[in-house]
Structure formats: structure tokens, C-alpha cells
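These are the residues of each chain, in order.
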Amino acid sequence: MSDDKPIENALRQKLTDALKPQFLDVINESYMHNVPEGTESHFKVVIVSTAFENVKRLQKHQLVHKAIQEELDNSIHALSIVAKTPAEWEVSQDVGKSPPCRGGAGL
């Protein structure tokens, strides 16, 4: 783990500890937004876990939020979540493309 990515590293560790994923990708998308270089404020989490078996989409997101609540409260401005079971991941590994930044004005 890199010391220059403390938020990303914390997300990886906490999600791994809480949800024991078969696959996890934490993508810092801050560069796509109007923030200073090196900022860790906008993330996409792609996570595949058996913890999501028989769980509705909203509940999957709630499990992710619970695991990283401290970072959500203190550091993260935006979070995109792709949460799948291993069976769902086997069917499709499409995680979609993040929308372009609309800036603070929402234009």
C-alpha cells in the first residue's frame, strides 16, 4: 500500500475486512473533477462478495457504506458503488462508465 493514498488504502482495508470480497477495485476518480492534484475525494468501488447473496441492491450499498462510514463522514465527497455477488459478476463484469463532472454549478 502506498502512503500517499491514505483514503484509498483505508477503503481497501475496511472493505476487505468487513465484506471479504472475491474481487475489489477502489478507483480514485478525483482527477475527473475540479479538485487539486492528489485529492482523494471521489471514488468508484467495484466489489464482489458472497456477503451480497440474497441482498437487494440498496442493502448492498448500505453494507458498503457501513464499512467505510468514517471516510464517508470525513473525506469522501462522491462515491459510486458497483456491488455484485460472484454469480452476478460471472454473468457481467460491466461496471459502467462514470459520468463527467458537472462542476459545482451543476451545469
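Structure: see above.
What comes next concerns the included structure. Residue indices follow the written sequence of each chain, beginning from 1 at its first position. Since the coordinates come from a predicted model, pLDDT governs what is reported: local features require at least 70, and pairs of side-chain atoms require 80 or more to be given and counted, while whole-chain, interface and lining totals use all residues. Excluding hydrogens and water, the side-chain figures rest on all heavy atoms present in the structure.

### Comments concerning the packing of helix α1 (residues 6-19) against helix α2 (residues 57-67)
And then number 1: Running from N to C, α1 and α2 cross one another at 120 degrees; their axes reach a closest spacing of 9 Å. One way to sum up the angle between α1 and α2 is to call them oblique. The handedness of the crossing between α1 and α2 is right-handed. In this structure, α1 contributes Lys14, Leu15, Ala18 and Leu19 to the contact, and α2 contributes Leu63, Val64 and Ala67.
And then number 2: Throughout this entry, Asp, Glu, Lys and Arg are counted as charged residues, while Ala, Val, Leu, Ile, Met, Phe, Trp, Tyr, Cys and Pro are counted as nonpolar. The remaining residues, Gly among them, count as polar. When the residues that make up the contact of α1 with α2 are grouped by side-chain class, the tally is six nonpolar, no polar and one charged. Here an angle of 0 to 180 degrees is reported between the N-to-C directions of two axes, which are lines fitted to C-alpha atoms, with helices fitted over the stretch in contact. Helix numbers and strand numbers start at the N terminus; a helix is a DSSP run of H or I with at least 4 residues, a strand a run of E with at least 2. The labels follow the angle: roughly parallel below 35 degrees, roughly antiparallel above 145, roughly perpendicular from 65 to 115, and oblique for the rest. Helix crossings get a hand from a simple test, with the near helix turned counterclockwise from the far one by less than a right angle marking a left-handed crossing and a clockwise turn marking a right-handed one. Here, two residues are considered to be in contact whenever any of their heavy atoms come within 4.5 Å of each other.

### Re α2
Think of an α-helix as 3.6 residues a turn; residues three or four steps apart then line up on the same face.
And then number 1: For α2, the full list of buried residues reads Lys60, His61, Val64 and Ala67. Each buried residue of α2 sits inside an arc of 120 degrees when the element is viewed along its axis, so together they form one side. Summarising the geometry of α2, the exposed residues directed more than 90 degrees from the buried face are Leu58 and Lys66. Only protein chains enter the accessibility calculation, which uses a 1.4 Å probe; a residue is then buried when its area is under 20% of its type maximum, exposed when over 50%, and partly exposed in between. The directions from the helix axis to the C-beta atoms are what the arc is built from.

### Remarks on the nonpolar core
And then number 1: Among the nonpolar cores identified, the biggest contains 17 residues, and Leu11, Leu15, Ile47, Val64 and Ile68 are the most heavily contacted of them.
And then number 2: Every element with two or more residues in this core is listed here: α1, β1 (23-28), β2 (42-48), α2 and β3 (78-84).
And then number 3: Tallying contributions element by element places α1 first for this core, with four residues.
And then number 4: In this structure, Ile47 is in contact with Leu15, Leu19, Pro21, Phe23, Leu24, Phe52, Val64, Val82, Ala83 and Lys84, ignoring residues within four places of it in sequence. Residues belong to one nonpolar core when they are buried, are Ala, Val, Leu, Ile, Met, Phe, Trp, Tyr or Cys, and are joined through side-chain atoms within 4.5 Å.

### Here we look at the environment of Val55
And then number 1: Relative to the helices and strands, Val55 is located in the loop between β2 and α2.
And then number 2: Of the residues examined, Val55 reaches a relative accessible area of 22% and is grouped as partly exposed.
And then number 3: Between the C-alpha atom of Val55 and that of Met32, which follows or precedes it by 23 residues, the distance is 31 Å.
And then number 4: Contact partners of Val55, with chain neighbours within four places excluded, come to Lys60 and Leu63.

### Describing the pattern of salt bridges
And then number 1: Here, a salt bridge means any Lys or Arg side-chain nitrogen found within 4 Å of an Asp or Glu carboxyl oxygen. Going through the model one piece at a time under the given rule, you end up with four salt bridges.
And then number 2: Its salt-bridge partner being Glu8, residue Arg12 comes within 3.0 Å of it at the nearest N-O pair. Remark: Glu8 and Arg12 occur in helix α1; sequence separation between them is four residues, near one turn of the helix.
And then number 3: By relative accessible area, which is 24% here, Arg12 ends up partly exposed.

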